[in-house]
Amino acid sequence: DTGVSQDPRHKITKRGQNVTFRCDPISEHNRLYWYRQTLGQGPEFLTYFQNEAQLEKSRLLSDRFSAERPKGSFSTLEIQRTEQGDSAMYLCASIGGTANEKLFFGSGTQLSVL
Amino acid sequence: DAKTTQPPSMDCAEGRAANLPCNHSTISGNEYVYWYRQIHSQGPQYIIHGLKNNETNEMASLIITEDRKSSTLILPHATLRDTAVYYCIVRIPEGYQKVTFGTGTKLQVIP
């Protein structure tokens, strides 16, 4: 168990640019979640995959956001035409295998849009 | 999923028990109570969960009232490393899709 890894840890971009984040879940976990967290708030659900299928999306996920999980392994979250309001921590979590009650979170990607 | 209410902050002396309350008065019969904590600059970490009965593991104890409308997380001997934001959530068995983490309780352990 190497844990959930996210890349990059920090991303600074200019408004209007596109950014992509990567999440590598724990290998035997079939479910993967993306969350967004702003300062002083708890994580907010964005989207959820079971294997390669994206089963649910929050209304927070505008059409500038897209997530994929090809082959049910790693996942990417892309934000197009970034806005200053997109500045946040983006967290990935996975669940499954024998420990199927608890989410394992990565350390997140901190996005700053200037 | 039901919403939870937690005090925004609490202090606890090092070595003493930390008792963190959570109100979940609208919890449904099949919803579990979970606790996670988040140390600065890290993702949340699972602590413990329960349905009806009290639970204990190597990290903490969870006391759920008989009517299931509230619960208390107990850290028996708080250390400085327990300083974190603690989230109480409720979730259906099927998953975390509709979970609301809220703002949690900021626990400060004081030397």
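Bear in mind the structure is a predicted one, so any value in this text is a computation, not a measurement.

## So, the packing of aromatic side chains
Per the stated rule, a full pass over the model turns up 19 aromatic pairs over all chains. Taking the centre distance of 6.3 Å and the plane angle of 65° together, the rings of A:Tyr33 and A:Phe45 count as edge-to-face. Separated by twelve residues along the polypeptide, A:Tyr33 in strand β4 (residues 31–37) and A:Phe45 in strand β5 (residues 44–50) bring together distant segments of the chain. You can call A:Phe45 buried: its relative accessible area is 9%. Relative to B:Phe101, the ring of A:Phe105 has its centre 6.2 Å away and its plane inclined at 80°; by these criteria the two rings are edge-to-face. A residue pair is termed interchain when its members come from two chains, as with A:Phe105 in strand β10 (residues 99–105) and B:Phe101 in the loop between β8 (84–91) and β9 (105–110). A relative accessible area of 1% means that B:Phe101 is categorised as buried. Three or more aromatic residues joined by ring pairs make a cluster, and in this case those are A:Tyr33, A:Tyr35, A:Phe45, A:Tyr48, A:Phe105, B:Tyr32, B:Tyr34, B:Tyr36, B:Tyr46, B:Tyr87, B:Tyr96 and B:Phe101.

## A short note on the pattern of salt bridges
All names here are of chain A. Inspection of every chain in the model, using the stated rule, returns four salt bridges over all chains. Across the pair Glu83 and Arg64 runs a salt bridge whose closest N-O atoms are separated by 3.4 Å. With Glu83 in the loop between β8 (75–79) and β9 (88–96) and Arg64 in the loop between β6 (53–57) and β7 (65–68), this residue pair connects regions lying 19 residues apart in the sequence. When its relative accessible area of 10% is taken as the criterion, Arg64 is described as buried. A network of salt bridges, in which partner residues are shared, links Arg64, Glu83 and Asp86.

## Brief notes about the interface of chain A and chain B
In this complex, chain A contributes 21 residues to the contact, which on the side of chain B involves 18 residues. Taking both sides of the interface into account, the surface hidden between chain A and chain B amounts to around 1500 Å²; carbon and sulfur atoms contribute 54%. Interface area lost by chain A to chain B is led by A:Pro43, A:Glu101 and A:Phe105, which between them contribute 27%. Our count for the contact surface shared by chain A and chain B stands at zero salt bridges. One can count nine residue pairs in polar contact (both at pLDDT 80 or more) joining chain A with chain B. The set of elements that each furnish at least two residues to the side of chain A that touches chain B consists of β4, β5, β9 and β10 of chain A. No other element matches β10(A), which puts five residues into the side of chain A that touches chain B.

Analysis parameters
All chains use their own residue numbering, which begins from 1 and follows the written sequence. Each chain is given a letter, starting from A, and each ligand a number, starting from 1, according to the order in which they appear as written. Confidence filtering applies because this is a predicted model: local features only for residues at pLDDT of at least 70, side-chain atom pairs given and counted only at 80 or more, and all residues used for totals across whole chains, interfaces and linings. Note that water and hydrogens are dropped before the side-chain values are worked out from all heavy atoms of the structure. Here is the rule: rings of Phe, Tyr and Trp (six-membered ring for Trp) pair when centre to centre is within 6.5 Å. Planes less than 30 degrees apart are stacked, more than 60 are edge-to-face, and the remainder are tilted. Strands are runs of DSSP state E lasting at least 2 residues, helices are runs of H or I lasting at least 4, and numbering of each runs from the N terminus. Note on exposure labels: buried denotes an accessible area under 20% of the residue type's maximum, exposed denotes more than 50%, and partly exposed covers the range between, all computed with a 1.4 Å probe on protein chains only. Salt-bridge detection follows one rule: a side-chain nitrogen of Lys or Arg within 4 Å of a carboxyl oxygen of Asp or Glu. In this description, contact between two residues means that some pair of their heavy atoms is separated by no more than 4.5 Å. Two parts lose some accessible area (1.4 Å probe) when they are put together, and adding that loss for both gives the buried area. Here a polar contact means two N or O atoms within 3.5 Å. Within protein one must be a hydrogen donor candidate and the other an acceptor candidate, and residues neighboring in sequence count only if both atoms are side-chain atoms.

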